[in-house]
Amino acid sequence: MTILAQLITSFISSAGFGILFNAPKKVLLQCGFNGMAGWIVYYLLVENGVDAVPATIVGAILVAMISRGFSKLYKTPIIIFNVSGIIPLVPGGMAYNAMRSFVQNDYLNAVQYSAKVMLLAGGIAMGLMFSEVLNQIMLKTTGKRRRTQL
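Note that this is a predicted model, so its numbers are computed, not measured. Every residue gets a number counted from 1 within its own chain, in the order that chain's sequence is written. Given that this is a predicted model, residues contribute local features only at a pLDDT of at least 70 and side-chain atom pairs are listed and counted only at 80 or more, while totals for whole chains, interfaces and linings are drawn from all residues. The side-chain quantities take in all heavy atoms of the structure and omit both hydrogens and water.

Considerations on the overall build of the protein
As a reminder of what qualifies: Put simply, DSSP H or I for four residues or longer makes a helix, DSSP E for two residues or longer makes a strand, and each gets a number counted from the N terminus. For every residue, the accessible area obtained with a 1.4 Å probe (protein chains only) is divided by the maximum for its type, and the residue is called buried under 20%, exposed over 50%, and partly exposed between those limits. Contacts are assigned to residue pairs with any non-hydrogen atoms lying within 4.5 Å of each other. All accessibility values rest on the Shrake-Rupley procedure with a 1.4 Å probe; residue burial counts only the protein chains present in the view. Neither His nor the chain ends contribute to the count of charged residues, in which Lys and Arg are positive and Asp and Glu negative. We put the charge of a Lys on NZ, of an Arg on CZ, of an Asp on CG and of a Glu on CD.
When you go through the protein residue by residue, the secondary structure sums to six helices and zero strands. The helix and strand sequence of the protein, counted from the amino end, reads α-α-α-α-α-α. When its C-alpha atoms are laid out on the principal axes, the protein stretches across 65 × 35 × 30 Å. Every one of the 150 residues in the protein was classed for burial, and the buried ones make up 37%. Of the contacts formed within the protein by residues at least 6 apart in sequence, a portion of 66% connects residues at least 24 apart. Accessible surface, the protein as shown: approximately 9,200 Å² in total, 70% of it carbon and sulfur. Taken together, the 12 basic and 4 acidic charged side chains of the protein have centroids lying 24 Å from each other.

Remarks on a nonpolar patch on the surface
Selection criterion: Nonpolar side chains (Val, Leu, Ile, Met, Phe, Trp, Tyr) are joined into patches within 5 Å and like charges within 9 Å, using only residues with over 30% relative accessible area and no salt bridge. A pair is scored as a salt bridge if a Lys or Arg side-chain nitrogen falls within 4 Å of a carboxyl oxygen belonging to Asp or Glu.
On the surface, Met-1, Ile-3, Leu-4, Ile-8, Ile-12 and Leu-44 cluster together into a nonpolar patch covering about 610 Å² of accessible area. As for its position among the elements, Leu-4 is in helix H1 (residues 2-20). You can call Leu-4 partly exposed: its relative accessible area is 42%.

Re the side chain of Ser-67
Definition in use: A 3.5 Å cut-off defines polar contacts: any pair of N or O atoms within that distance qualifies, except that in protein one atom must be a possible hydrogen donor and the other a possible acceptor, and neighbouring residues in sequence count only when both atoms are side-chain atoms.
Within the element layout of this structure, Ser-67 appears in helix H3 (residues 52-74). Residue classification places Ser-67 among the buried positions, given a relative accessible area of 0%. Among the polar contacts listed, one links the side chain of Ser-67 to the side chain of Asn-34, at a separation of 2.8 Å. Beyond its immediate stretch of four places on either side in the chain, Ser-67 contacts Asn-34, Ile-78, Phe-81 and Asn-82.

A closer look at the packing of helix H2 (residues 28-47) against H3
Between two packed helices, what matters for the description is the angle formed by their axes and the separation of those axes. Cut-off, in case you're wondering: Inter-axis angles, ranging from 0 to 180 degrees, are taken between N-to-C directions of lines fitted to C-alpha atoms, where helices are fitted over the stretch in contact. Each angle gets one of four labels, with under 35 degrees taken as roughly parallel, over 145 as roughly antiparallel, 65 to 115 as roughly perpendicular, and the rest as oblique. In a left-handed crossing the near helix is turned counterclockwise from the far helix by less than a right angle, and in a right-handed crossing that turn is clockwise. Put simply, Ala, Val, Leu, Ile, Met, Phe, Trp, Tyr, Cys and Pro go in the nonpolar bin, Asp, Glu, Lys and Arg in the charged bin, and everything else, Gly too, in the polar bin.
At their nearest, the axes of H2 and H3 sit 8 Å apart, and the two run at 160° to each other. By the criterion of interaxial angle, the relationship of H2 to H3 is roughly antiparallel. Both H2 and H3 take part in a crossing whose hand is right-handed. Taken together, the residues of H3 that come into contact with H2 (itself represented by Gln-30, Phe-33, Asn-34, Ala-37, Gly-38, Val-41, Tyr-42, Leu-45 and Val-46) are Ala-52, Ala-55, Thr-56, Val-58, Gly-59, Leu-62, Val-63, Ile-66, Ser-67, Phe-70 and Tyr-74. Broken down by class, the residue content of the contact of H2 with H3 amounts to 14 nonpolar, six polar and no charged.

Focus: H2
In an α-helix, one full turn covers 3.6 residues, which means residues spaced three or four apart are oriented alike. Here is the rule we go by: Here the expected length of a helix is defined as 1.5 Å per residue gap, with one fewer gap than residues.
Its 20 residues give H2 an end-to-end C-alpha distance of 28 Å, which sits within 8% of 28 Å, the value for a rise of 1.5 Å per residue. Phi turns positive, to about 95°, at Gly-49, one or two residues after H2.

Overview of the nonpolar core
So the rule is basically this: By nonpolar core is meant a set of buried Ala, Val, Leu, Ile, Met, Phe, Trp, Tyr and Cys residues that side-chain atoms within 4.5 Å join together.
With 13 residues, the main nonpolar core has Trp-39, Tyr-42, Ile-86 and Leu-89 as its most contacted residues. If you list the elements that add at least two residues to this core, you get H2, H3 and helix H6 (107-149). No other element matches H3, which puts five residues into this core. Beyond its immediate stretch of four places on either side in the chain, Tyr-42 contacts Ala-52, Ala-55, Thr-56 and Leu-89. Judged by nonpolar contacts, the second largest core, of nine residues, contains Ala-23, Val-27, Leu-28 and Phe-70.

Things to note about the side chain of Thr-76
Note that Thr-76 resides in the loop between H3 and helix H4 (78-86). Polar side-chain contacts of Thr-76 include one of 2.9 Å to the backbone oxygen of Tyr-74. Look past the residues within four positions of Thr-76 in its chain and what remains in contact with it is Pro-24, Lys-26, Val-27, Ser-71 and Phe-81.

With respect to the confidence of the model for the protein
Which entries qualify depends on this criterion: Predictor confidence is given residue by residue as pLDDT, running from a minimum of 0 to a maximum of 100.
Looking at the protein, the pLDDT average stands at 92 and 95% of residues meet or exceed 70. Counted against residues more than four places away or in other chains, residues 146-150, with its pLDDT under 50, gives zero contacts.

Let's talk about the packing of H2 against H4
It is the contact of H2 with H4, at a shortest axis distance of 7 Å, that shows an interaxial angle of 50°. In this view, H2 runs oblique relative to H4, as classed from their interaxial angle. Of the two possible hands of crossing, H2 and H4 adopt the one that is right-handed. Touching Gln-30, Cys-31, Asn-34 and Gly-35 of H2 are Ile-80, Phe-81, Ser-84 and Gly-85, all from H4.

Listed below in structure tokens is the structure:
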């Protein structure tokens, strides 16, 4: 039952952010699916003992790859799918705990939370960047093959 709740809530949060982000109505379901896919991969990896940072990187890579496919398929800018798909992976609760710890003068926990937030945010950026680099490499290698065949 927990996995079903994870699927539903991640889908709703991604699709809901797509609405806030003014995504076209025709792609709101795809925005929700993208966020759901990235989150469920993250969730399953963490449940099976993988640290949160590598799990975030893998989830972000998946979100970026799905975003690229949806972008081409629906002729929509990739940023719409990337932003709404990444939302479930953003460590907002942990950032809140970091700020709360700072306010309560609990600096030891505040620094620990802040470091984890920075690592997770960096993991999201790395995942998106890594996916784009792979895509560029694939485009260049397939482009070179086409030129040599002509």
